[in-house]
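Residue strings, one per chain:
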There are 2 protein chains.
Amino acid sequence: MHPMHPIATTPSPPYYAVIFTSLKSPGDDGYSQMADRMVELVEHQEGFLGFESAREELGITVSYWKDEASIKRWKAHVEHREAQKTGKSKWYEAYTIRIAKVEREYSLAPRGS
Amino acid sequence: MHPMHPIATTPSPPYYAVIFTSLKSPGDDGYSQMADRMVELVEHQEGFLGFESAREELGITVSYWKDEASIKRWKAHVEHREAQKTGKSKWYEAYTIRIAKVEREYSLAPRGS
């Protein structure tokens, strides 16, 4: 995922968030290429609203979705399924995925905006 | 927040997540000290279940809570309120806070565990 990706602009709640928290295995081994490809793909998925990502030791990626059906379609996408499989066997030491319904949000807008 | 903090161990859903995504202002200016103090405080809050944090350009902290009442109590905590105020005026360029109800989760456990 791109480290400079800004704060996602999302519509008024309710909508869904997928919180993906992971510990990577050492080395890249095709991971970066897959991550770039997933970003490319996900941005064209129906119901995709945006994502935010950061990694130190722990990686956190939160993607935002219109509804649960959109999340299920993305999970079943054939290239994404392949990435999930290799993620389990190779790229990740451990991860947790949480599907959550966003009920409220509030923001501090950039000064001058 | 501590960069080596592991993946949070949370109970079976439903529970709540507060997704705090931020862009920091340049410099520290008391930020690290406040962040350490907030971690110390939050861990003793009733209904607090754990948190996960990572920062590159974008910072993402997700805290997990038993229910909405626990989130509201933490938001109203006097020292936390002071930190929120200084955060708005000094530490953050921009942020978004999303309150979400976690409906499902699944994990890849560390190999050998």
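Data block above holds the structure.
What counts as what
Per chain, the residues get numbers from 1 upward, laid out in the order the sequence is written. Labels are handed out in written order, letters beginning with A for the chains and numbers beginning with 1 for the ligands. In keeping with the model being predicted, local features are shown solely for residues with a pLDDT of at least 70 and side-chain atom pairs are shown and tallied solely at 80 or more, while totals for entire chains, interfaces and linings include all residues. Side-chain metrics in this entry use all non-hydrogen atoms of the structure; hydrogen atoms and water are not considered. A pairing counts as a salt bridge when a side-chain nitrogen of Lys or Arg comes within 4 Å of a carboxyl oxygen of Asp or Glu. Numbered from the N terminus, helices here are DSSP runs of H or I no shorter than four residues, and strands are runs of E no shorter than two. For each residue, the accessible area found with a 1.4 Å probe, counting protein chains only, is set against the maximum for its type, and the residue is called buried under 20%, exposed over 50%, and partly exposed in between. The atoms used to superpose the copies are C-alpha atoms, taken from residues with pLDDT of at least 70 in both, and the fit is least squares. Contact between two residues is taken to exist if any of their heavy atoms lie within 4.5 Å; hydrogens are not considered.

Q: Got a minute to help me understand the pattern of salt bridges in this structure?
A: For side chains of opposite charge, pairing can occur when their charged atoms come near one another. A full pass over the atoms with the stated rule returns 14 salt bridges over all chains. Salt-bridge contacts for Glu-40 of chain A lead to Arg-37 of chain A; the nearest nitrogen and oxygen are separated by 2.5 Å. Note that Glu-40 of chain A and Arg-37 of chain A are positioned in helix α1 (residues 31-42) at a spacing of three residues, about one turn of the helix. For Glu-40 of chain A, a relative accessible area of 45% corresponds to the partly exposed category. Between Asp-29 of chain B and Lys-90 of chain B there is a salt bridge whose closest N-O contact spans 3.8 Å. Residue Asp-29 of chain B is located in the loop between β1 (15-24) and α1 (31-42), and its partner Lys-90 of chain B is located in helix α3 (residues 78-91); the two are separated by 61 residues in the primary sequence. By relative accessible area, Lys-90 of chain B is classed as partly exposed at 35%. A network of salt bridges, in which partner residues are shared, links Arg-37, Glu-40 and Glu-79 of chain A.

Q: Would you mind showing me how to read the relation of the copies chain A and chain B here?
A: One copy of the chain maps onto the second through a rotation about an axis and a displacement along it. Superposing chain A onto chain B requires a rotation of 180° together with a translation of 0.0 Å along the rotation axis, leaving an RMSD of 0.0 Å. In short, the pair behaves as if placed about a two-fold rotation axis. Most of the interface of chain A is mirrored in chain B: 100% of its interface residues are interface residues there too.

The analysis is restricted to geometry; functional conclusions fall outside its scope.
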